[in-house]
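As a plain string of letters, each chain reads:
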Amino acid sequence: MPIHLFVVHFPVAFIVVGAIADVAGAVFRSEGTRRWAGTLLILGAVFALAAFLTGQAALSALGPAREGGPRIEAHTQWGAVGVWVLVVAGGLRAAWRQRLRGATGWVMLALAILSAMLVVGIATSGTAILHG
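Caption draft 1: Molecular detail of the overall build of the protein chain. In terms of regular secondary structure, the protein chain is built from five helices and zero strands. Counting helices and strands in the order they occur from the N terminus, the protein chain gives α-α-α-α-α. For the protein chain, whose C-alpha radius of gyration is 16 Å, the value lies close to the compact-globule estimate of 14 Å for 132 residues. Each of the three principal axes of the protein chain carries a C-alpha extent, and together these read 50 × 20 × 20 Å. Buried positions account for 36% of the 132 residues belonging to the protein chain. Here the protein chain displays about 7500 Å² of accessible surface, and carbon together with sulfur accounts for 72% of that area. Computed over 9 positive and 4 negative side-chain charges, the separation of the two mean positions in the protein chain equals 12 Å.

Caption draft 2: Structural detail: empty space enclosed by the protein. For the structure on display, the rule yields one cavity of 30 Å³ or more. Approximately 80 Å³ is the volume attributed to the largest cavity. Ile-15, Leu-41, Ala-45, Leu-86, Ala-89, Gly-90, Arg-93, Met-108, Leu-111, Ala-112 and Ser-115 together form the lining of the largest cavity. Of all the elements in the fold, those that place two or more residues in the lining of the largest cavity are α3 (31–62), α4 (70–95) and α5 (102–131). Looking at the lining of the largest cavity residue by residue, the classes come out as eight nonpolar, two polar and one charged.

Caption draft 3: Up close: the packing of α4 against α5. Where α4 meets α5, the closest approach of the two axes is 9 Å, and the angle between their N-to-C directions is 155 degrees. Between α4 and α5, the angle is such that the two are roughly antiparallel. Every pair of crossing elements has a handedness; the one defined by α4 and α5 is left-handed. For the pair α4 and α5, the contacting residues are Arg-71, Ile-72, His-75, Trp-78, Gly-79, Gly-82, Val-85, Leu-86, Ala-89, Leu-92 and Arg-93 in the first and Met-108, Leu-111, Leu-114, Ser-115, Leu-118, Val-119, Gly-121, Ile-122, Ser-125, Gly-126, Ala-128 and Ile-129 in the second. Looking at side-chain class alone, the contact of α4 with α5 contains 14 nonpolar, seven polar and two charged residues.

Caption draft 4: Structural detail: the side chain of Thr-54. In this fold, Thr-54 is placed in helix α3. Separated by 3.1 Å, the side chain of Thr-54 and the backbone oxygen of Ala-51 make a polar contact. Setting aside its immediate chain neighbours within four residues, Thr-54 contacts Ile-3, His-4 and Val-7.

Caption draft 5: View of the nonpolar core. Within the largest apolar cluster, 11 residues are counted, these being Ile-15, Ala-19, Leu-41, Ala-48, Val-83, Leu-86, Ala-112, Ala-116, Leu-118, Val-119 and Ile-122. Of all the secondary-structure elements, those providing two or more residues to this core are α2 (9–27), α3, α4 and α5. The biggest single contributor to this core is α5, with five residues. With residues near it in sequence (within four places) discarded, Val-119 still touches Pro-11, Val-12, Ile-15, Val-16 and Leu-86.

Caption draft 6: Up close: the packing of aromatic side chains. All told, the structure shown has four aromatic pairs when counted by the stated rule. Between Phe-52 and Trp-84, the aromatic rings sit 5.7 Å apart at their centres with planes inclined by 70 degrees, giving edge-to-face as the arrangement. Placement of the pair is Phe-52 in helix α3 and Trp-84 in helix α4, with a sequence separation of 32 residues. Given the relative accessible area of 34%, Phe-52 is considered partly exposed. Aromatic ring contacts, followed pair by pair, group Phe-10, Phe-14 and Phe-47 into a single cluster.

Criteria and thresholds
- Residues numbered from 1 in each chain as written.
- Predicted model: local features only at pLDDT ≥ 70, side-chain atom pairs only at ≥ 80, totals over all residues.
- Heavy atoms only, no water.
- Helix = DSSP H or I, 4+ residues; strand = E, 2+ residues; numbered from the N terminus.
- Rg over C-alpha atoms; globule rule 2.2 N^0.38 Å.
- Buried < 20%, exposed > 50% of the residue type's maximum accessible area, 1.4 Å probe, protein only.
- Areas by Shrake-Rupley, 256 points an atom, 1.4 Å probe, with all protein chains shown as cover.
- Lys, Arg positive; Asp, Glu negative; His and termini not counted.
- Charge placed at Lys NZ, Arg CZ, Asp CG, Glu CD.
- 1 Å grid on protein atoms, 1.4 Å probe; cavity = no way out; pocket = protein on both sides within 12 Å on 5 of 7 lines; lining within 4 Å.
- Points joined across faces, edges and corners; volume = space filled by probe spheres on them.
- Nonpolar A, V, L, I, M, F, W, Y, C, P; charged D, E, K, R; others polar.
- Axes fitted to C-alpha atoms, helices over the stretch in contact; angles between N-to-C directions.
- Parallel < 35°, antiparallel > 145°, perpendicular 65-115°, else oblique.
- Left-handed = near helix turned anticlockwise from the far one by under 90°.
- Contact = heavy atoms within 4.5 Å.
- Polar contact = N/O pair within 3.5 Å; in protein donor to acceptor, adjacent residues only side chain to side chain.
- Core = buried A, V, L, I, M, F, W, Y, C linked by side-chain atoms within 4.5 Å.
- Phe/Tyr/Trp six-rings, centres within 6.5 Å; stacked < 30°, edge-to-face > 60°.

Structure below.
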């Protein structure tokens, strides 16, 4: 069984929980919660890159009969584009960890929400490969 199937759960969990925590931290004006959320979002970006890098082995494990299927193509395209958005969002969060107020704080919050929606979309397209 390809390691990709085990790695992919981490970015989903870290990014979705991180985005929820970031929203909660913004609503309640808790910088501690937002810093904690930032750590989760950064870890999620790292694991998203790991999931992307292990994806080719998972594709090879499916065999030539399934490699060109439309669901696999959709997931490959979602992952190929999405991973770079997630990595850039995680990198910005790492660079701007202490800048959570004002315009930068709002940009970080928007990127967290965008990242959560994107990682759920990628995960959903991957789930469709095996479960239809």
